[in-house]
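Each chain, written out:
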Amino acid sequence: MIRDLCDGQLEGAEIGSTEIIFTPEKIKGGLHTADTKTAGSVCLLMQVSMPCVLFAASPSELRLKGGTNAEMAPQIDYTEMVFKPIVEKFGFKFNCDIKMRGYYPKGGGEVIVRMSPVKQLNPINLTDRGSVTKIYGRAFVAGVLPFKVAKDMAAAAVRCIRKEIRDLYVNIQPVQEPKDQAFGNGNGIIIIAETSTGCLFAGSSLGKRGVNADKVGIEAAEMLLANLRHGGAVDEYLQDQLIIFMALASGVSRVKTGPVTLHTQTAIHFAEQLSKAKFTVKKSEDGEDASKDAYIIECQGIGMTNPNL
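Worth saying up front: this structure is predicted, and the values here are computed from it rather than measured. (Residues numbered from 1 in each chain as written. Predicted model: local features only at pLDDT ≥ 70, side-chain atom pairs only at ≥ 80, totals over all residues. Heavy atoms only, no water.)

### Considerations on a nonpolar patch on the surface
Residues Leu 10, Ile 20 and Phe 22 make up a contiguous nonpolar surface patch of about 250 Å² in total accessible area. As for its position among the elements, Ile 20 is in the loop between strand S1 (9-11) and strand S2 (21-23). The exposure class of Ile 20 is exposed, given its relative accessible area of 52%. (Patch = residues over 30% accessible without salt bridge, like charges linked within 9 Å, V, L, I, M, F, W, Y side chains within 5 Å. Areas by Shrake-Rupley, 256 points an atom, 1.4 Å probe, with all protein chains shown as cover. Salt bridge = Lys/Arg side-chain N within 4 Å of Asp/Glu carboxyl O. Helix = DSSP H or I, 4+ residues; strand = E, 2+ residues; numbered from the N terminus. Buried < 20%, exposed > 50% of the residue type's maximum accessible area, 1.4 Å probe, protein only.)

Structure (structure tokens):
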């Protein structure tokens, strides 16, 4: 996809290959289509293309096909409800239109992402977590799965959260995906916590054959609760997705996280190798964080400027 975005050359990009040679050219806007042909994640296609098209010469429309709610990748609901509002703090906007949802193993989902280029990205400061003010989410079934499965996932998740957070109303909507907006069969849940300072945290889970609905709901709830315990201002899945934007931004970005994931360490390693950005990761010395496993990731961004604007 990135080769096509910039009319570049790519060698060795086939199954079994252990190295690739990529020669990028000028990033161009306009319409780009990428189809995984499987349940491969549209969100991962979006993740890799977004930093590029921000520095294109004109607005872009990305037609991405594959899985929208797939394992080992963000669910499209996470991308829309958590990633989008936070990443837009870097000073750009994007629009994400879900045409069709697709699940493992069939895929068949389609999402259209529209965004305009920027001159430069602003740094971000996400260090003040605030207190949790709202918890909400959606539990979905698609295809042949009965609606009761959505209701059971939602109810189990609510029960699990109530054990730990008693003073907030937890609003998880059970949803039957319309037939014309979902390809194949699937079920899953995403639960989001919002704080007084606008931080967003999520827990999510996907149903698999033979796994009962309660278990799926509880898994998502426990993931959310774990992400609310560490005192960071982002959840464990957002931290690595912000690294490339921090590296490209103009100025110093600071993000408070829980334990730094291997994904994030890897993202930092390559961002530093490729961009000359400098990252530091330090244990948070904040009063109440001493007992918690909280860290500050700081980055001196390279102030990448768009040569086309």
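After that view, the rundown keeps rolling.
### Quick look at the UniProt feature "domain: RNA 3'-terminal phosphate cyclase" (unreviewed entry) in the chain
UniProt's feature table lists "domain: RNA 3'-terminal phosphate cyclase" (unreviewed entry) at residues 2-281, given in the numbering used throughout. Secondary structure across residues 2-281 comprises 31% helix and 30% strand; the distance between its end C-alpha atoms is 29 Å. (UniProt positions renumbered as here; feature names shortened; annotations may be inferred.)

### What to know about unusual backbone geometry
With an omega of 0°, the peptide bond running from Tyr 104 to Pro 105 counts as cis. Take Pro 105: it is sitting in the loop between strand S5 (94-102) and strand S6 (109-115). Not every positive phi belongs to a glycine, and Lys 276 is a case in point at roughly 70°. Here Lys 276 lies in the loop between helix H7 (262-275) and strand S14 (278-283).

### Re helix H6 (residues 239-248)
Because each turn of an α-helix spans 3.6 residues, side chains separated by three or four positions end up pointing in the same direction. With 9 of 10 residues buried, H6 lies mostly within the body of the structure. Those residues of H6 that fall on the buried side of the exposure criterion are Gln 239, Asp 240, Gln 241, Leu 242, Ile 243, Phe 245, Met 246, Ala 247 and Leu 248.

### Comments concerning the pairing of strand S4 (residues 60-66)
The alternating pattern of S4 places Ser 60, Leu 62, Leu 64 and Gly 66 on a buried face and Glu 61, Arg 63 and Lys 65 on a face that is not buried. Here strand S3 (residues 30-35) runs beside S4; their pairing, made up of 6 bridges, is parallel. When the sheet's bridge partners are listed, Gly 30 is paired in S4 with Ser 60. Traced from S3 through helix H2 (residues 42-53) to S4, the parallel crossover comes out right-handed. Looking at chain direction, S4 and S6 are connected through 7 bridges and run antiparallel. (Pairing = 2+ DSSP bridges. Right-handed = clockwise from strand over helix to strand, strands pointing away.)

### Describing the nonpolar core
Counting residues in hydrophobic clusters, the biggest one holds 80 residues, and the most contacted among them are Phe 92 and Leu 242. For this core, the leading source of residues is helix H4 (residues 147-164), giving 8 residues. Sequence-distant contacts of Leu 242, that is, excluding residues within four places in its chain, are made with Ile 86, Val 87, Phe 90, Ile 124, Leu 126, Val 234 and Val 255. Core analysis: the second largest hydrophobic core is formed by 6 residues, Tyr 103, Phe 140, Ala 142 and Ala 182 among them. (Core = buried A, V, L, I, M, F, W, Y, C linked by side-chain atoms within 4.5 Å. Contact = heavy atoms within 4.5 Å.)

### Re the sheet that holds strand S10 (residues 182-183)
What the 5 strands build is an open sheet, ordered S3-S4-S6-S5-S10; its pairing is mixed. The two strands at the open ends of the sheet, each matched to only one other strand, are S3 and S10. Taken together, the 6 bridges between S5 and S6 define a ladder with antiparallel strand orientation. Residue pairing across strands places Met 100 opposite Glu 110, the latter belonging to S6. Contacting S3, S4, S5 and S6, H2 runs over the sheet at an angle of about 160° to S4. Contacts between helix H3 (residues 76-87) and the sheet are confined to S5 and S6, with S5 contributing the most and set at about 170° to the helix. (Axes fitted to C-alpha atoms, helices over the stretch in contact; angles between N-to-C directions.)

### Some points on the packing of H6 against H7
Following both chains from N to C, one finds H6 and H7 inclined at 15°, their axes separated by 8 Å at the closest point. It follows that H6 is roughly parallel to H7 by the angle criterion. Classified by chirality, the crossing of H7 by H6 is right-handed. Of the residues in H7, those touching H6 at Gln 239, Asp 240, Ile 243 and Ala 247 are His 263, Thr 264, Ala 267, Ile 268, Ala 271 and Ser 275. Within the contact of H6 with H7, the residues separate by chemical class into 5 nonpolar, 4 polar and 1 charged. (Parallel < 35°, antiparallel > 145°, perpendicular 65-115°, else oblique. Left-handed = near helix turned anticlockwise from the far one by under 90°. Nonpolar A, V, L, I, M, F, W, Y, C, P; charged D, E, K, R; others polar.)

### Overview of the sheet that holds strand S7 (residues 125-126)
Spatially, S7-S13-S15-S14 is the arrangement adopted by the 4 strands of the open sheet, whose pairing is mixed. What marks the edges here is a single partner per strand, and that holds for S7 and S14. Pairing between strand S13 (residues 252-257) and strand S15 (residues 295-300): 6 bridges, direction antiparallel. When the bridges of S15 are listed, Thr 257 appears paired with Tyr 295. Here H7 sits on the sheet and contacts S14 and S15; the angle it forms with S14, its principal contact strand, is near 150°.

### A closer look at the state of the cysteines
Across all of its chains, the model carries 0 disulfides by this definition. Cys 96 provides the cysteine sulfur closest to Cys 43, a residue in no disulfide bond, and the two sulfurs are 7.4 Å apart. Looking at Cys 299, it has no disulfide partner, and the nearest cysteine sulfur is the one in Cys 52, 17 Å off. (Disulfide = S-S within 2.5 Å.)

### Here's the deal with the pattern of salt bridges
This model, assessed by the stated rule, comprises 21 salt bridges. In this structure, Arg 3 and Asp 4 form a salt bridge, with 2.9 Å as the shortest nitrogen-oxygen distance. You can call Arg 3 partly exposed: its relative accessible area is 37%. A salt bridge links Lys 28 to Asp 7; its shortest N-O distance comes to 2.9 Å.

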